[in-house]
Each structure stands twice: as C-alpha cells, then as structure tokens.
Amino acid sequence: MEALLNEAIEVKVSSATSANDAANPEAIKKQTVLHYSVEALNAMEAARIHWEQGSFRKSNEELGSVLQECKAFCGELPAPAAKQRAIALANFYKERGYRYNKEAPLETRVLRAVFGMDNRRRVSSYSIVLREAKKQNVSILDLPTWIASKGGVQEIRLSQSKTFIPPKAKAEEMSAILDGRSFIGYAESALLSHTADAEYAGDKVVLLGKQTPEGKYGIYTVLRSDGIVNAALLATYAKSKEIEAKAKKEIEAANDADGKPVAA
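J.: Quick question: what am I supposed to make of the overall build of the chain here?
T.: Scanning the chain for helices and strands turns up 13 helices and 4 strands. Taken over 264 residues, the chain has a buried fraction of 19%. Once local pairs closer than 6 in sequence are excluded, the contacts in the chain between residues at least 24 apart make up 47%.

Have a look at this one:
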C-alpha cells in the first residue's frame, strides 16, 4: 500500500482555454505534467523552507523596521511637538488627497499615511499590533522580536480580537446600564421646554453646556444626533471601565495589606 502511495501519478494540465486552443499545437506544447507523489510534496516543502528562510524572512524584517519607525513616530511628546506632529499628519493627508480623521487613534493615522488608504485591513492589523505593543510597554528596539515571539502580526490580531468589543456594542451596553439607573438631576427651563418633542420621548440626548462658578450647569443646546449620543455613551463606557479598574486595584491592594503579617 505504501509503495502505491509513493508512486508518482502524472496528470497533464494544459493551458488551453477553449476547444480551438486545445487543437492548437502551440497550446499543447504548454502542457505541464504534475506529479502527485511524496517526492513532489518533499520538493514543495523544501521550497517553502527556502522561502521562509529567505525572501519571507527578509520581508518580515523589513516590515518590522517600518513598524519600528511608525512606533517611534507615535511616541509620547511634549505638547508643542505633539501639535507639530498633528499638523504634519494633516498636511500629509491633504497632499495625498486622503480624508483625515483626527478622532482615529494616532497609530492608525500614522499607518494610513505610510501604507495608504487602500490597505484598510492591513492598516487595521498593524494598528492593533502597535497599540498592543504600547499597552505591554514594548520598546521600539524590541518590537520586531516581540512580534515574532507572538507568532506574527496575524496572531497578535487574532488574540486581540478575542477581547475586542465593537464600539456599537459598547454604546448599547452603556445605554442599557443607564436605563437601569436613576437620574442624578434635572435640567428645566422655559427655553429648554421648547426643545422637547413628544416624538423623541425616551430617547437619549446630549446637553452641551458649561459649569458656572456657582456649581450649576448652563445648557447651550440639546443634541440628538446618533453619532454624538453614541460618542457620549462610548466616553461614559470608557470612564466606567476606568472607575471599575481603579476600584479593583484598590480592593486588591487592601486585600494584600490584610494578608501581610503584623510587625512585632
């Protein structure tokens, strides 16, 4: 049986694309013989190893170098330098005719500039890598080694996606949480009552205002846009998670202190 499996099975594959081409002697000359055998698989495996150790490895090293420069460009800066960087990015986008979204993460904006606006999936993957590296305090010099240790860009992207929550889901979750809470206060006035509309009863809104020296809040306008409301919900979600993380850290610190032996 093993001898039969190892035996080469030859199949002729022609590049002819029609009956007329098949009748053409020149087309017949382009026929390729494929060998379905263990030897053929061995040869392909060897070609893969050569590729991984050669051009593929070199390509990854070059990519790592580009990502290092992108990470360096996204580093922490004092306010004047950060402003200069933001202006440079906006000007670059303008020169290329790209749409500039200043609300996007800095890493994403830089990577879009470097890799172009047509490579959205690639930019998304690289942005996840740089932001995860930032979260784990990976240095610029260690970035390529860190990426390799994680199994490459794709593996980092997949591992990140396990805990990733889409913005829409975050907004919906925060909206549901708020629906279960009591109001902390009410804003009432004759002018505000004119903005009320029975059609929007029960809908969430954003009140744009300013805190007064007396500790009150002056309302300028009522905003009902879904985008603005969702942005406010996302900001509230982020703040709630920040408060939860801080509370958890304080509880853990207290538990650690309780577990320490009392000095004699």
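J.: Would you take a moment to explain the packing of aromatic side chains for this structure?
T.: When we look at a pair of aromatic rings, we describe it by the centre distance and by the angle of the planes. All told, the structure shown has 4 aromatic pairs when counted by the stated rule. Each ring, one from Tyr93 and one from Tyr98, has its centre 5.8 Å from the other, and the planes form 85°; the classification is edge-to-face. Exposure remark for Tyr93: the relative accessible area of 1% places this residue in the buried category. Owing to a relative accessible area of 25%, Tyr98 belongs among the partly exposed residues under this scheme. Aromatic rings pair up to connect Tyr93, Tyr98 and Tyr100 into one cluster.

J.: Which parts of the structure should I look at to understand a nonpolar patch on the surface?
T.: Taken together, Val205, Leu207, Tyr217 and Ile219 make up a surface patch of nonpolar side chains, about 360 Å² in accessible area. Along the chain, Leu207 falls in strand E3 (residues 206–211).

J.: Honestly, the packing of helix H4 (residues 38–53) against helix H5 (residues 55–73) in this entry has me stumped. Any pointers?
T.: The description of two packed helices rests on the angle between their axes and on the distance between the axes. Taken N-terminus to C-terminus, the directions of H4 and H5 make an angle of 25°; their axes are 3 Å apart at the nearest point. Between H4 and H5, the interaxial angle falls into the category roughly parallel. Taking contact as the criterion, the partners of Trp51, Glu52 and Gln53 in H4 are, on H5, Ser55, Phe56 and Arg57. Partitioning the contact of H4 with H5 into residue classes produces 2 nonpolar, 2 polar and 2 charged.

J.: What exactly am I supposed to notice about the pairing of strand E4 (residues 217–223) here?
T.: Looking along a regular strand, one sees side chains alternate from face to face of the sheet. Sheet topology note: the E3/E4 ladder contains 6 bridges and is antiparallel. Following the sheet pairing, Leu208 is matched in E4 by Thr221. Counted along the chain from E3 to the antiparallel partner E4, the turn is 5 residues long, and its residue Gly215 has a positive phi close to 90°.

J.: Honestly, the pattern of salt bridges in this entry has me stumped. Any pointers?
T.: Pairs can form between side chains of opposite charge whenever their charged atoms are close. Throughout the structure, instances matching the rule amount to 5 salt bridges. Between Glu244 and Lys241 there is a salt bridge whose closest N-O contact spans 3.7 Å. With Glu244 and Lys241 both in helix H13 (residues 226–259) and 3 residues apart, the pair spans about one turn of that helix. Taking relative accessible area as the criterion, Glu244 reaches 47% and is therefore assigned partly exposed.

J.: Would you take a moment to explain the packing of helix H6 (residues 79–96) against helix H7 (residues 106–115) for this structure?
T.: As a packed pair, H6 and H7 sit with axes 10 Å apart at the nearest point and diverge in direction by 40°. It follows that H6 is oblique to H7 by the angle criterion. Relative to H7, H6 is oriented so that their crossing is left-handed. Listed contacts from H7 to Arg85, Leu89, Phe92 and Tyr93 of H6 are Leu106, Thr108, Arg109, Val110, Arg112 and Ala113. Taken together, the residues of the contact of H6 with H7 break down into 6 nonpolar, 1 polar and 3 charged.

J.: Would you explain the nonpolar core in this entry?
T.: Across soluble globular proteins, nonpolar side chains have a tendency to be buried as a group. Ranked by internal contacts, the top residues of the largest apolar core, which has 22 residues, are Leu67, Leu111, Phe115, Tyr126, Leu143, Trp146 and Ile147. Put simply, the parts of the chain that give this core at least two residues each are H5, H6, H7, helix H8 (120–135), helix H9 (143–149) and helix H10 (153–161). Setting aside residues up to four positions removed in sequence, Ile147 forms contacts with Leu67, Val129, Gly152, Val153 and Ile156. Ranked by size, the runner-up nonpolar core spans 6 residues in total, among them Ala171, Met174, Val229 and Tyr237.

Cut-off values and rules
- Residues numbered from 1 in each chain as written.
- Predicted model: local features only at pLDDT ≥ 70, side-chain atom pairs only at ≥ 80, totals over all residues.
- Heavy atoms only, no water.
- Helix = DSSP H or I, 4+ residues; strand = E, 2+ residues; numbered from the N terminus.
- Buried < 20%, exposed > 50% of the residue type's maximum accessible area, 1.4 Å probe, protein only.
- Contact = heavy atoms within 4.5 Å.
- Phe/Tyr/Trp six-rings, centres within 6.5 Å; stacked < 30°, edge-to-face > 60°.
- Patch = residues over 30% accessible without salt bridge, like charges linked within 9 Å, V, L, I, M, F, W, Y side chains within 5 Å.
- Areas by Shrake-Rupley, 256 points an atom, 1.4 Å probe, with all protein chains shown as cover.
- Salt bridge = Lys/Arg side-chain N within 4 Å of Asp/Glu carboxyl O.
- Axes fitted to C-alpha atoms, helices over the stretch in contact; angles between N-to-C directions.
- Parallel < 35°, antiparallel > 145°, perpendicular 65-115°, else oblique.
- Nonpolar A, V, L, I, M, F, W, Y, C, P; charged D, E, K, R; others polar.
- Pairing = 2+ DSSP bridges.
- Left-handed = near helix turned anticlockwise from the far one by under 90°.
- Core = buried A, V, L, I, M, F, W, Y, C linked by side-chain atoms within 4.5 Å.

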